[in-house]
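Spelled out from the first residue to the last, the chains are:
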Amino acid sequence: MCMDGGGLAEFAVTKESLTVSRPAEVSAAEAAGLPIAGLTAHQALTQQAGIKLDGTGQQRNILITAASGGVGHYAVQLAKLGNTHVTATCGARNIDFVKSLGADEVLDYKTPDGAALKSPSGKKYDAVIHCARDIPWSTFEPNLSADGKVLDLTPGPGAIMTFAVKKLTFSKKQLLPVLLIAKGENLDYLVKLVKEGKLKTVIDSKHSLSKAEDAWGKSIDGHATGKIIVEP
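Conventions and cut-offs
Residues numbered from 1 in each chain as written. Predicted model: local features only at pLDDT ≥ 70, side-chain atom pairs only at ≥ 80, totals over all residues. Heavy atoms only, no water. 1 Å grid on protein atoms, 1.4 Å probe; cavity = no way out; pocket = protein on both sides within 12 Å on 5 of 7 lines; lining within 4 Å. Points joined across faces, edges and corners; volume = space filled by probe spheres on them. Helix = DSSP H or I, 4+ residues; strand = E, 2+ residues; numbered from the N terminus. Nonpolar A, V, L, I, M, F, W, Y, C, P; charged D, E, K, R; others polar. Pairing = 2+ DSSP bridges. Core = buried A, V, L, I, M, F, W, Y, C linked by side-chain atoms within 4.5 Å. Buried < 20%, exposed > 50% of the residue type's maximum accessible area, 1.4 Å probe, protein only. Contact = heavy atoms within 4.5 Å. Right-handed = clockwise from strand over helix to strand, strands pointing away.

A.B. asks: Sorry if this is basic, but what is going on with the layout of surface pockets here?
C.D. replies: If a probe as big as a water molecule is rolled over the atoms, it shows which places are left empty. Considered as a void within the structure, the second largest pocket measures approximately 190 Å³ in volume. What lines the second largest pocket is a set of 16 residues, and nearest its centre among them are D134, I135, D152, G156 and A159. Contributing elements (two or more residues each) for the lining of the second largest pocket: α6 (137–140) and α7 (157–168). With 3 residues, α7 is the single largest residue contributor to the lining of the second largest pocket. Residues belonging to the lining of the second largest pocket are distributed by class as follows: 8 nonpolar, 5 polar and 3 charged.

A.B. asks: Help me understand the pairing of strand β5 (residues 144–152) in this model?
C.D. replies: Regular strands place side chains that alternate from one sheet face to the opposite one. In the sheet, strand β4 (residues 125–130) pairs with β5 via 5 bridges, with the strands oriented parallel. By the bridge assignment for β5, I129 is matched with L151. Of the strand pairs in this sheet, β5 and strand β6 (residues 174–177) are connected by 4 bridges, and their pairing is parallel. Each residue of the ladder has a partner; that of L151, found in β6, is L176.

A.B. asks: How should I be thinking about the nonpolar core in this particular structure?
C.D. replies: Soluble globular proteins tend to bury their nonpolar side chains together. Membership of the largest hydrophobic core comes to 44 residues, with the highest contact counts inside it found for L34, I64, L78, V98, I129 and L199. Among the secondary structure elements, those contributing two or more residues to this core are α2 (34–48), β1 (60–64), α3 (70–79), β2 (84–90), α4 (95–100), β4 and α8 (184–195). Here this core takes 6 residues from α2, the largest share from any one element. Ignoring anything within four residues of it in the chain, the contact list for I129 reads A44, L45, I62, L63, I64, T65, A75, L151 and L153.

A.B. asks: Could you clarify how one ought to interpret α3 in this entry?
C.D. replies: Working note: α-helix, 3.6 residues per turn, so residues spaced by three or four point in the same direction. α3 sits mainly inside the fold: 9 of its 10 residues count as buried. Those residues of α3 not exposed but buried are G70, G72, H73, Y74, A75, V76, Q77, L78 and A79.

A.B. asks: What's the story with the pairing of β1 in this structure? I'm lost.
C.D. replies: Across the 5 residues that make up β1, a large majority, 4, are buried. Pairing geometry for β1 and β2, over 5 bridges, is parallel. Each residue of the ladder has a partner; that of L63, found in β2, is T87. In terms of handedness, the path from β1 via α3 over to β2 forms a crossover that is right-handed. Inspection of the sheet shows β1 paired to β4 by 3 bridges, in the parallel sense. Opposite L63, over in β4, you have V128 as the bridge partner.

Shown next as structure tokens:
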């Protein structure tokens, strides 16, 4: 979720503090994926999960669901800049793709182990970057470390209820809804990573603004690999 948003328009107005220059080495399409999806992945990893993207700090075990999607594919790449072991879920057709992004273990979410979110190496997760939907808390809980957290990027009513219950019972294992608060300095950081070849925007498809409904339909379908880009 995001407090600052808007799109599918020929022109948009935003605060200067939320904008950064796009270097010539980064195409407009590559940059277009960063303001929401890239920033969401960055915030969840660095602020909520406490991952240091300079590779310092104690190793953390991270699970990323829907890792081949818009937020997920950024989250895998960014997580691997830190000292992390990344387990990821996706569909069977995208397993090699997610491995190419750097994931250490990849689960087909339609298999029994994938549906149960069980790490092939038996690791417990310190944090889950949850980009998918409709996975109950009861599936996450046995796979979490003693103080593991599920960072839900698309929280529904059930997630909000779980969040409240875990807070009220002082549980060390928690589910936390993630609300993106966009910051210009974080966007600038991501753009520099793309320029340096340390982060890439994988583009699933491009659509003209006049065909934005096609892009929206593909997004709602939930099977895009990387980002869907709408161009003028």
